[in-house]
Amino acid sequence: MDPQTQPGTGQNSHSPIPISVVVDIHRLASEDNDLKLLRETAGSESCCIVRIPHSLARINIKAYEPKIVSIGPYHHGKEHLKMAQQHKRRFLKFLVAKMQENGTDPQELVNAVSSLEGDIRGSYSEDLGLDSEKLVEMMVLDGCFILALFFVVSGKVVYTNLDDPIFRMPWILPSIRADLLLLENQVPFVLLQKLFETSKLVTSSCLNELAFEFFDYSLQKPEAFWAKHYSLQANHLLDLIRKTFIPVPCHRRNKEASLNDSGFLGFVLSAKKLHLRGIKFKPRMNTDSILDIRFCNGVLHIPPVVMDDFKATVFLNCVAFEQLYADSSNHITSYVAFMACLINEESDAAFLSERRILENYFGTEEEVSRFYKSIGKDVALDLERSYLAKVFEGVNEYSSKGFHVHCAEFVHTHFDSPWTFASSFAALLLLMFAALQVFFAAYSYFQPPKDK
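Residues numbered from 1 in each chain as written. Predicted model: local features only at pLDDT ≥ 70, side-chain atom pairs only at ≥ 80, totals over all residues. Heavy atoms only, no water.

Draft legend 1. View of the packing of helix α17 (residues 346-354) against helix α18 (residues 365-375). Contact geometry of α17 with α18 gives a least axis separation of 7 Å together with a crossing angle of 110°. In terms of orientation, α17 lies roughly perpendicular with respect to α18. From α17, Glu346, Ala349 and Ala350 reach across to α18, where they touch Glu365, Glu366, Val368 and Ser369. When its residues are assigned to classes, the contact of α17 with α18 shows three nonpolar, one polar and three charged. (Axes fitted to C-alpha atoms, helices over the stretch in contact; angles between N-to-C directions. Helix = DSSP H or I, 4+ residues; strand = E, 2+ residues; numbered from the N terminus. Parallel < 35°, antiparallel > 145°, perpendicular 65-115°, else oblique. Contact = heavy atoms within 4.5 Å. Nonpolar A, V, L, I, M, F, W, Y, C, P; charged D, E, K, R; others polar.)

Shown next as structure tokens:
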């Protein structure tokens, strides 16, 4: 028999030929020369300035990007921000001149930043790709630019250039304030504090006081409010302003304390639906913080909030910071989630506006509703650790059962508007007349009139 036709030979000819692939597993595990987009230590307490992930940025990407000035490395060098970049050098020249007038060596600014290089690099979530000289140069320019703004706006340092467009054109400073509170547009607060102390230009006020005075033009708080927060410690300017929103004292709820809950912990219904279930809404005036929401005896006490573009940007970036920084509390996220539950529709925003809880300069009621609904997407919130956990529980329990729920639904059904009230009143009159007619008919039957 021909060997080529022997059984099994044809099958072997179609068998796969093993190929030896040589991959060194140790080289594969260790060879990575690219810049780290997320460092191994990005989850540490010191890492507080993080890139916004796509899942959050897609909601409103413009809310996370600077419009006029870049601070730090993430947006450095972008074409539309170069105008302010030139102005940074003018402000640095101004500070250098003032320091020399006071007898302070301005070179100390560079030395101060150089001593913090390790801390600065550790504050960012990714490798910066900058050598020491470039990094120190950037931090000196950006840090001194911020300090110069604080000094001039507060009037602590005399600025003689009365025609400076930053202070003359009314649209620039509000834009800069918003840019300085973007998560991707931060420098470590320890850097600002070091430069502030090294400059020795202002000794009568602390850095927090100057920062609050600068941002007060957009936040509009009384001086007594800011004074309570002069001793706050923060990671950067966004974190500093975020912490001023947190009610004092305000403690996070321990998970162990919620093990015996009654099962009502969860998101609440919209404002209009809660109203139909007997819950009343009142503005809470005697509090410093818009986060200080209370629920008592069927009444939700909510501090009035002014919604505008600046506040919306701050909320978005604070939520992003709380989501991305492992050591942050979730106060702003909890507040925004609660308000997102209440403002589910355009009518809910109008309802809260009528009750002086929502003051809307943001846009239409529909835009406000859309903002709150979108900000809650792809956001993780552990309600058991939320400072509003008791409010969520109380509202759900009160609106789920009881005579007050049925009574409120009855009142809404029959007396909520003039038309339903009129029809219900007419029906009640007809019912009364019918009852009277039946009564007199029965009375005349059982008690017929006697003949005289």
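Draft legend 2. Highlighting the packing of aromatic side chains. Evaluation of the coordinates by the stated rule reveals 22 aromatic pairs. Ring plane angle 10° and centroid distance 6.0 Å describe the contact between phenylalanine 91 and phenylalanine 167, whose orientation is recorded as stacked. Taken as a pair, phenylalanine 91 in helix α4 (residues 82-101) and phenylalanine 167 in helix α8 (residues 165-168) lie far apart in primary sequence, 76 residues in all. Residues phenylalanine 321 and tyrosine 325 carry aromatic rings whose centres are separated by 5.1 Å and whose planes lie at 20° to one another, so their mutual orientation is stacked. Of the two residues examined, phenylalanine 321 and tyrosine 325, each falls in the buried class. Feature note: the residues Phe91, Phe94, Phe145, Tyr159 and Phe167 constitute an aromatic cluster, connected by ring pairs. Cation over ring: arginine 177 sits above phenylalanine 214, and NZ or CZ is 5.2 Å from the ring centre. The ring of phenylalanine 225 has lysine 221 lying over it, and the distance from NZ or CZ to the ring centre is 5.0 Å. (Phe/Tyr/Trp six-rings, centres within 6.5 Å; stacked < 30°, edge-to-face > 60°. Buried < 20%, exposed > 50% of the residue type's maximum accessible area, 1.4 Å probe, protein only. Lys NZ or Arg CZ within 6 Å of the ring centre and 35° of its normal.)

Draft legend 3. Geometry of empty space enclosed by the protein. Evaluation of the coordinates by the stated rule reveals one cavity of 30 Å³ or more. When its volume is computed, the largest cavity comes out at roughly 50 Å³. What lines the largest cavity is simply Leu219, Lys221, Phe225, Trp226, Thr244, Phe245, Asp288, Ser289 and Ile290. If you list the elements that add at least two residues to the lining of the largest cavity, you get α12 (223-227) and α13 (237-245). When the residues that make up the lining of the largest cavity are grouped by side-chain class, the tally is five nonpolar, two polar and two charged. (1 Å grid on protein atoms, 1.4 Å probe; cavity = no way out; pocket = protein on both sides within 12 Å on 5 of 7 lines; lining within 4 Å. Points joined across faces, edges and corners; volume = space filled by probe spheres on them.)

Draft legend 4. Structural view of the sheet that holds strand β2 (residues 294-296). Overall, mixed pairing links the three strands, which are arranged β1-β3-β2 in an open sheet. In this open sheet, the two edge strands, each paired with only one partner strand, are β1 (280-283) and β2. Taken over all neighbouring pairs, the strand axes of this sheet differ in orientation by 25° on average, direction set aside. (Pairing = 2+ DSSP bridges.)

Draft legend 5. Inspection of the environment of glycine 263 at higher detail. Relative to the helices and strands, glycine 263 is located in the loop between α13 and α14 (271-276). Residue class for glycine 263 comes out exposed when judged on its relative accessible area of 65%. In the structure, glycine 263 is positioned 134 residues away from glutamate 397 in sequence and 8.7 Å away in space, judged by C-alpha atoms.

Draft legend 6. Main features of the packing of α4 against helix α7 (residues 132-154). The interhelical angle for the contact between α4 and α7, taken along N-to-C directions, is 70°, at an axis separation of 8 Å. As the angle between them shows, α4 and α7 are arranged roughly perpendicular. Here α4 contributes Gln85, Lys88, Arg89, Phe91, Leu92, Phe94 and Leu95 to the contact with α7, which in turn contributes Glu137, Val140, Leu141, Asp142, Cys144, Phe145, Ala148, Leu149, Phe151 and Val152. For the contact of α4 with α7, a count of residues per class yields twelve nonpolar, one polar and four charged.

Draft legend 7. Quick peek at the pairing of β1. Residues Phe281 and Pro283 of β1 are buried on one face, while the alternating residues Lys280 and Lys282, pointing to the opposite face, are not. Here four bridges tie β1 to strand β3 (residues 299-302), and the two strands are oriented parallel to one another. By the bridge assignment, phenylalanine 281 is partnered in β3 with leucine 300.

Draft legend 8. Examining the pairing of β3 more closely. Where β2 meets β3, three bridges bridge the pair, whose relative direction is antiparallel. Bridge pairing links arginine 294 to histidine 301 in β3. Here β2 folds back onto β3, and the loop between the two strands holds two residues, one of which, asparagine 297, carries a positive phi near 50°.

Draft legend 9. Just the nonpolar core, in detail. Core analysis: the biggest nonpolar cluster contains 120 residues, and Leu237, Phe281 and Leu342 have the highest contact counts within it. A total of 16 residues in this core trace back to one element, the largest contributor, which is α7. With sequence-adjacent residues up to four places away left out, leucine 237 is seen in contact with Ile146, Phe150, Leu180, Leu181, Gln186, Phe189, Leu192, Ala211 and Phe215. (Core = buried A, V, L, I, M, F, W, Y, C linked by side-chain atoms within 4.5 Å.)

Draft legend 10. Region of interest: unusual backbone geometry. Of note in the backbone geometry, glutamine 220 takes a positive phi value of approximately 55° without being a glycine. Secondary-structure assignment places glutamine 220 in the loop between α11 (207-219) and α12. The class of glutamine 220 is exposed, set by a relative accessible area of 59%.

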